[in-house]
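Report on the structure
Each chain is listed here by its residues.
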Amino acid sequence: MKSYFFAFVLALCCISISYSQKPKKLSSNQIYESIQKLNFLGSVLYVAAHPDDENTRMISYFANKVKAKTAYLSLTRGDGGQNLIGPEIRELLGVIRTQELLAARRIDGGEQFFTRANDFGYSKHPDETLEIWDEKEVLEDVVAIIRKYKPDVIINRFNHKTPGTTHGHHTSSAMLSFEAFDLVGDRNFKTHLKNDAVWQPKRLLFNTSWWFYGSRENFEKADKSKLLSVDIGKYYKQKGLSNSEIASLSRSQHQSQGFGSTGTRGEQIEYLEFLKGDFPKNNNVFDGIDTTWNRVEGASEIYKMLKEVEQEYNFRKPSVSIAKLVKAYSLITNLKNGYWKQIKLQEIKEIIAACSGLYMEASAIESNATLNSLVDFNVEVINRSDVEMKLTSIRIPSEKKEIAKDVYLENNKRFNKKSSIHISSEESFTSPYWLREKGSLGMYKVQNKGFIGNPETPKSLQVLFNVEIDGIKIPYYKNIIYKYNDPVKGEVYKPFEVLPEVSASFTEKVNIFSSDEAQKVQVKVKSLKDNFTGKLSVCLPNDWKVSPEKIDFTIAKKGEETTFEFMLTPPAKQSEGFISPMVEVGNKVYTSELVEIDYNHIPFQSVVMPSEAKVVRLNIEKKGQLIGYIQGAGDVVPTSLRQIGYTVVELKDDDVTEEKLVNFDAVVVGIRAYNTNNRIKFYNKHLLNYVENGGTLITQYNTSRRLKVNDIAPYKLKLSRDRVTDENSEVKILNPAHEIMSLPNKITDEDFKGWVQERGLYFPNEWSEEFVPILSMHDKNETPKKGSLLIANYGKGKYIYTGLSFFRELPAGVPGAYKLFANMLSVGKNKKENELKN
């Protein structure tokens, strides 16, 4: 059996790389486990707030050991987090983290759901969270997802009884789940579901641990009469992996958050605290729940037949099971319509296909198309078993079009066919449905209520393969996909996308005007069809002017991009607003842009979003010109600094030498560089020597965990978890006369208005007397935090440490953030300027 174990491990590990988009192909062991799962009719829903909140050990345990239908409901898509693998933040980060969750579920065996809640950033109390979210709508989403998924057991990740002790999103997820447990069975509570049938889970549990008790000692002393214990350290012989090893592979998909995890082996106890419903006996989560086919009327014969299939399974020849599987499929189709009927029909169909090596695919010849167009695609069907089967038809359901009919599928003889599908003008775009319209700070706007809860936009372009075995017809629907051969990666799969005819975006998302003179603004237009002709213009705030008013253009080839220039004139006084591109084609106007996200660990993503850029007329001055920038976790601060006239050189590790650093007027270290850059420990001394010899060094926020160096700064500086999450919180300037607050730009209270998401994070809470605190701020009912901006003289130069969220504020075009950062870069240069004059 060793070869089978190896095959499973290999298949499991390969899921995490770019081949994750390939169709699922089960090994003999995986087929057997799927058959075992056919005879378990029970389900679990795990509930928390964000991607990476979920306990993958628990999800894997229920999916793989118990064989339960298991899902994770993440209330948000993690849009407010940081990104360790690239520059995407906010909504685009939410797209990445959505796909990372789906990649995790492909490994641990779970399913994935979301509400419309937007992760607006760290929240210190559920009162704030539920105020910014639309509490009523998020609660409705939770109830709807429970009614649709029909879990027997719900497990909360967080404690609903301790508001204010942890992230407000965390507590809110538990509070909403706790309330929803009763509402799902209340006929008077209505949701957006068309089939809004009530449901009542058997029990609600809380996945507790010593952490929630403050210490291991407190947990040992605690009353455990309401706790269930689960050993999630099980070893799966057929997989060759422990449950915890599978869970670590799953958790390691959260690459944007740096959550790579090492697998463990051996017994590991998790605890579940009883909250509501029927208290379980015998330490059994499913106590009192019939998880057999007996819960479905008229299904007793199905259970017997499937048990025989399991007992008689031939690992070397899975096709032996097909005859009884097909009979069981026929019996299931004859059951009364119901939840488990639909679930098990889909499961058994996939098992029949896997046992026979039946492969069906419809692949388009190009990766995307536009509305009202014709797309060519190739069909491939092959039966790799000695079981007789016939392809009674291949159809395109949307067109009621038949491609092939009555094809006998001989063993290992491939059937190919070319065809085409018409994409109607009524078809929906395939990009993320929650980003099609602009929502609010706390909620996404979703027009199609049927999509709510889905992790992705459902694919509607499908091909139907009708297969007949032993006189039983089995329908298989397959999404049209796209694949190509890469010289390095080999066969690569991508989703087939339906996209707008044209994409228009500004090359700069923020445009700073330091005077009232006209400035060039570039618009990049990409055609997604051949021979595209249109008129391009820019929609402006009232007090701005543009020339020319319109540009006529033609783009010959699909996929070709052309950049057009406009001269934008700001008003004389300070002003800010948004501009958007408009492409007119006949009576249609396009105002969206296409953003492509391509990482190896998730499928390729095409995101269509409203296109806009911020314009700011800002009286700003600066000293110095040449800035060195050392990237950390990834941000676009260098682009923002170029907007106000700086020359920014992004430094490689080998560039950080004392000989090269001396050329820069200031050096900036990007966010979390001391957490993520393994080389920084070797050249941090060069950075500090640069300061000592007269340079200005600005270090942006890092977390206190996993620092690559013992000492970031030249003096004592202790990082903490202090943060100010209210972007509108009052900021007190401790020393208005300090040059960082006065030169070359005067910083006032007005400059802290209009900030986004937060003030800052991971402020130092202890520092040596050499540091001068510049600002004081705090969230409601908290003590003042003075560590957001610290400056110290070191030798001849200046060392600045800041936890202010410039990585969010500058890309958002916050005027005051630009002025303050310019002052930080200018520190010390005003004195040098005066000395030169004298």
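These numbers were taken from a predicted model, which means no experiment stands behind them.

**Overview of the sheet that holds strand E43 (residues 797-802)**
Overall, mixed pairing links the seven strands, which are arranged E34-E33-E35-E36-E43-E42-E40 in an open sheet. Looking along the sheet, the strands with just one partner apiece sit at the ends: strand E34 (647-650) and strand E40 (772-773). Examined bridge by bridge, strand E33 (residues 626-630) and E34 share four bridges and lie parallel to one another. Its bridge partner lying in E34, leucine 626 is registered against threonine 647.

**A short note on the sheet that holds strand E9 (residues 269-277)**
Working definition: the strands of a sheet are paired by backbone hydrogen bonds and lie parallel or antiparallel to each other. Taking strand neighbours across the sheet as the criterion, the seven strands line up as E3-E2-E1-E4-E5-E9-E6 in an open arrangement whose pairing is mixed. Because the sheet does not close on itself, it has two edges, and the strands there are strand E3 (111-114) and strand E6 (227-231). The mean angle between the axes of side-by-side strands here comes to 30°, regardless of whether they run parallel or antiparallel. Note: strand E4 (residues 153-156) against strand E5 (residues 203-206), four bridges, orientation parallel. Each bridged residue has a counterpart across the sheet, and for isoleucine 155 the counterpart in E5 is leucine 205. Along the sheet face, helix H3 (residues 56-65) touches strand E1 (43-48), strand E2 (69-74), E4, E6 and E9 and points at about 155° away from the line of E2. Of the strands in this sheet, E2 and E3 are in contact with helix H4 (residues 91-108), which crosses E3 at around 155°.

**Remarks on H4**
An ideal rise of 1.5 Å per residue puts 26 Å on 18 residues; H4 measures up with 26 Å between its terminal C-alpha atoms. Counting buried positions over the 18 residues of H4 gives 16, a clear majority of the element. Phi turns positive, to about 90°, at glycine 109, one or two residues after H4.

**Quick word on the nonpolar core**
Core analysis: the biggest nonpolar cluster contains 89 residues, and Ile352, Phe377, Val381 and Ile394 have the highest contact counts within it. For this core, the element with the most residues is helix H12 (residues 339-356), which contributes nine residues. Ranked by size, the runner-up nonpolar core spans 48 residues in total, among them Ile627, Ile698, Leu810 and Tyr818.

**What to know about helix H16 (residues 680-692)**
If you check H16, its first and last C-alpha atoms are 18 Å apart, about what 13 residues at 1.5 Å a residue would give, namely 18 Å. The complete set of buried residues in H16 reads Ile680, Tyr683, Asn684, Leu687, Leu688, Tyr690 and Val691. Immediately beyond the C-terminal end of H16, within one or two residues, lies glycine 694, with a positive phi of roughly 120°.

**What about unusual backbone geometry?**
Residue proline 548 is bonded to the preceding serine 547 through a cis peptide linkage, with omega at -5°. Positionally, proline 548 belongs in the loop between strand E25 (545-547) and strand E26 (551-555). Following leucine 743, the chain continues to proline 744 via a peptide bond in cis, the omega torsion being -10°. Relative to the helices and strands, proline 744 is located in the loop between helix H17 (739-742) and strand E39 (760-767). At arginine 90, a position not held by glycine, the phi torsion is positive, near 55°. Among the structural elements, arginine 90 can be located in the loop between E2 and H4. Arginine 90 sits in the buried class, given a relative accessible area of 17%.

**A closer look at the pairing of strand E12 (residues 373-382)**
Of all 10 residues that make up E12, seven are buried, and the element is covered over most of its length. Here six bridges tie strand E10 (residues 359-364) to E12, and the two strands are oriented antiparallel to one another. By the bridge assignment, glutamate 361 is partnered in E12 with glutamate 380. In this structure, E12 lies alongside strand E15 (residues 415-423), joined through nine bridges in antiparallel fashion.

**As for the pattern of salt bridges**
Opposite charge on two side chains allows them to pair when their charged atoms are near. Evaluation of the coordinates by the stated rule reveals 50 salt bridges. The salt bridge involving lysine 234 is made with aspartate 231; its shortest N-O contact spans 3.8 Å. Residue lysine 459 pairs with glutamate 497 through a salt bridge whose shortest N-O separation is 3.8 Å. Taken together, the residues lysine 459 in the loop between E15 and strand E16 (462-469) and glutamate 497 in strand E20 (residues 497-498) connect sequence positions 38 residues apart. By relative accessible area, lysine 459 is classed as partly exposed at 31%.

**Some remarks on the environment of glycine 628**
Looking at where glycine 628 falls in the secondary structure, it is placed in strand E33. Judged by its relative accessible area of 0%, glycine 628 falls in the buried class. Leave out the neighbours within four places in its chain, and glycine 628 touches Val649, Leu651, Phe664, Ala666, Val667 and Val668.

**Considerations on the confidence of the model for the protein**
On average, residues of the protein score 94 in pLDDT, and 96% of them reach the 70 mark or higher. Contacts for the low-pLDDT stretch residues 1-20, under 50 throughout, to residues beyond four places or in other chains number 36 contacts.

**Examining the packing of aromatic side chains**
On inspection of all chains with the given rule, the structure shows 28 aromatic pairs. An angle of 65° between the planes, with centres 5.3 Å apart, marks the rings of phenylalanine 113 and tyrosine 149 as edge-to-face. Taken together, the residues span a long stretch of sequence, with phenylalanine 113 in strand E3 and tyrosine 149 in helix H6 (residues 135-149) at a distance of 36 residues. Residue class for phenylalanine 113 comes out buried when judged on its relative accessible area of 15%. On the accessibility criterion, tyrosine 149 (3% relative accessible area) is buried. Arranged with centres 5.9 Å apart and planes meeting at 35°, the rings of phenylalanine 532 and phenylalanine 553 form a pair that is tilted. Here phenylalanine 553 lies in strand E26 and phenylalanine 532 lies in strand E24 (residues 532-539), a separation of 21 residues in the sequence. For the pair phenylalanine 532 and phenylalanine 553, a shared accessibility class is recorded, and that class is buried. By way of ring pairs, the aromatic residues Phe40, Tyr61, Phe62 and Phe286 are connected into one cluster. Over the ring of phenylalanine 604 we find lysine 494; its NZ or CZ atom is 3.9 Å from the centre of that ring.

About the criteria used
Residues numbered from 1 in each chain as written. Predicted model: local features only at pLDDT ≥ 70, side-chain atom pairs only at ≥ 80, totals over all residues. Heavy atoms only, no water. Pairing = 2+ DSSP bridges. Helix = DSSP H or I, 4+ residues; strand = E, 2+ residues; numbered from the N terminus. Axes fitted to C-alpha atoms, helices over the stretch in contact; angles between N-to-C directions. Contact = heavy atoms within 4.5 Å. Expected span 1.5 Å × (residues − 1). Buried < 20%, exposed > 50% of the residue type's maximum accessible area, 1.4 Å probe, protein only. Core = buried A, V, L, I, M, F, W, Y, C linked by side-chain atoms within 4.5 Å. Salt bridge = Lys/Arg side-chain N within 4 Å of Asp/Glu carboxyl O. pLDDT = per-residue confidence, 0-100. Phe/Tyr/Trp six-rings, centres within 6.5 Å; stacked < 30°, edge-to-face > 60°. Lys NZ or Arg CZ within 6 Å of the ring centre and 35° of its normal.

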